[in-house]
Amino acid sequence: MSKQPIGIFDSGIGGTSIWKEIHKLLPYENTIYLADSINAPYGPKGKEAITKLAIKNTELLLEKNCKLIVVACNTATTNAIRYLRNTYNVPFIGIEPAIKPAALKTKTNAIGILATKGTLTSALFSKTSDLFASGITVVEQIGEGLVELIENGKLESPEIKTLLAEYLNPMLEAHIDYLVLGCTHYPYLAPLLTELLPKSVKIIDSGEAVARQTKTILQKHNLLNVKPLNPSNVFFSNSNTNVLISLIGTHFKVDHLKF
Ligand code: DGL
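Rules and cut-offs
Residues numbered from 1 in each chain as written. Predicted model: local features only at pLDDT ≥ 70, side-chain atom pairs only at ≥ 80, totals over all residues. Heavy atoms only, no water. Pairing = 2+ DSSP bridges. Helix = DSSP H or I, 4+ residues; strand = E, 2+ residues; numbered from the N terminus. Axes fitted to C-alpha atoms, helices over the stretch in contact; angles between N-to-C directions. Contact = heavy atoms within 4.5 Å. Near = heavy atom within 4 Å. Polar contact = N/O pair within 3.5 Å; in protein donor to acceptor, adjacent residues only side chain to side chain. Areas by Shrake-Rupley, 256 points an atom, 1.4 Å probe, with all protein chains shown as cover. Nonpolar A, V, L, I, M, F, W, Y, C, P; charged D, E, K, R; others polar. Phe/Tyr/Trp six-rings, centres within 6.5 Å; stacked < 30°, edge-to-face > 60°. Lys NZ or Arg CZ within 6 Å of the ring centre and 35° of its normal. Buried < 20%, exposed > 50% of the residue type's maximum accessible area, 1.4 Å probe, protein only. Right-handed = clockwise from strand over helix to strand, strands pointing away. Core = buried A, V, L, I, M, F, W, Y, C linked by side-chain atoms within 4.5 Å.

## Looking at the sheet that holds strand β7 (residues 178-182)
Moving on, step 1. Across the sheet, four strands lie side by side as β6-β5-β7-β8; this open sheet has parallel pairing. Looking at which strands have only one partner, the edges of the open sheet turn out to be β6 (137-142) and β8 (202-204). Taking each pair of neighbouring strands and ignoring which way they run, the sheet shows an average axis angle of 20 degrees.
Moving on, step 2. As paired elements, β7 and β8 share three bridges and run parallel to each other. Within β8, the residue paired with Leu179 across the bridge is Ile203.
Moving on, step 3. Running over the sheet, helix α8 (residues 158-173) touches β5 (110-115), β6 and β7 and is turned about 165 degrees from β6.

Written out as structure tokens, the structure reads:
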């Protein structure tokens, strides 16, 4: 079973930022990535619609014989992972905004969170926020429009820069010293964010933690693929594959698939 692939899905190409961390930590693992770009963004959709999409992606990965599924999407995790865990018989790894480390490390007692509407309005997010950040100022900001621009490859466009500057403004006024990226598309904005933020503000995301957790759970279930054979890393997109390829490079197999 350990040779079966790890399945990873996101509303689009953002979860490749998580795939990169997993591939770095677990280079011998076979992986299958699903970019559900045709349905992006998930963020403005309701819990039920997000759960339906998460089910569709999960069932496709299970048909492809995945041994474990990484929900590489904060929006799908915060809205649907409970349902997925209760329904399917494989381990699931989810991703949530890294509020806890930011709340523990802040010196200004103020942190910013940039995430989708679906994440910020979820019960799981409120619970985590209440648990770890109750004594500090949390400036929450919906990154409206960002995912669409990233999906279209407009990573360093003037439009995205204008939106980001607007979204960061209330955070800077509140003197945040940590910015939590609560959407897997946003690590691709790191160069622009670094340009727009003062040096005193540190950016954190959950990518490395997700990779470490994936390893821990594979070990726990005896599913780690330790044989250094040629691993297969396959990417499926139900939309244009060009932007996906520009993010992961040309040496991986990328296919268009209707799902
Ligand atoms: N990349 C996703 C996340 O982490 C979803 C973005 C979206 O589709 O709105 O939330």
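## Some points on the site of the ligand
Moving on, step 1. The immediate surroundings of the ligand are formed by 13 residues, with Ser11, Tyr42, Gly43, Asn74 and Thr75 found nearest.
Moving on, step 2. Thr75 places a polar side-chain atom, nitrogen or oxygen, 2.6 Å from an oxygen atom of the ligand.
Moving on, step 3. In the complex, 99% of the free accessible area of the ligand, which totals 290 Å², lies under the protein chains.
Moving on, step 4. A breakdown of the residues in the shell around the ligand according to their chemical character gives five nonpolar, seven polar and one charged.

## Concerning the packing of aromatic side chains
Moving on, step 1. Taken as a whole, this structure holds five aromatic pairs when the rule is applied.
Moving on, step 2. Put simply, the rings of Trp19, Tyr33, Phe235 and Phe252 touch in pairs and so form one group of aromatic residues.
Moving on, step 3. A cation sits over an aromatic face here: Lys202 above Tyr178, 5.2 Å from the ring centre.

## Structural notes on the pairing of β7
Moving on, step 1. For β7, the tally of buried residues reaches five of five residues, placing the bulk of the element in the interior.
Moving on, step 2. Residue alternation in β7 divides its side chains into two sets, Tyr178, Val180 and Gly182 and Leu179 and Leu181, and both sets are buried.
Moving on, step 3. The handedness of the β7 to β8 crossover, carried by helix α9 (residues 190-196), is right-handed.

## Here's the deal with the nonpolar core
Moving on, step 1. Counting residues in hydrophobic clusters, the biggest one holds 50 residues, and the most contacted among them are Val70, Leu146, Leu179 and Tyr186.
Moving on, step 2. With six residues, the single largest contributor to this core is α8.
Moving on, step 3. Setting aside chain neighbours within four positions, we find Tyr186 in contact with Leu114, Ala115, Thr116, Gly143, Leu146, Val147, Ile150, Leu181 and Leu193.
Moving on, step 4. Among the nonpolar cores identified, the runner-up in size contains 23 residues, and Ile50, Ile81, Leu84 and Val234 belong to it.

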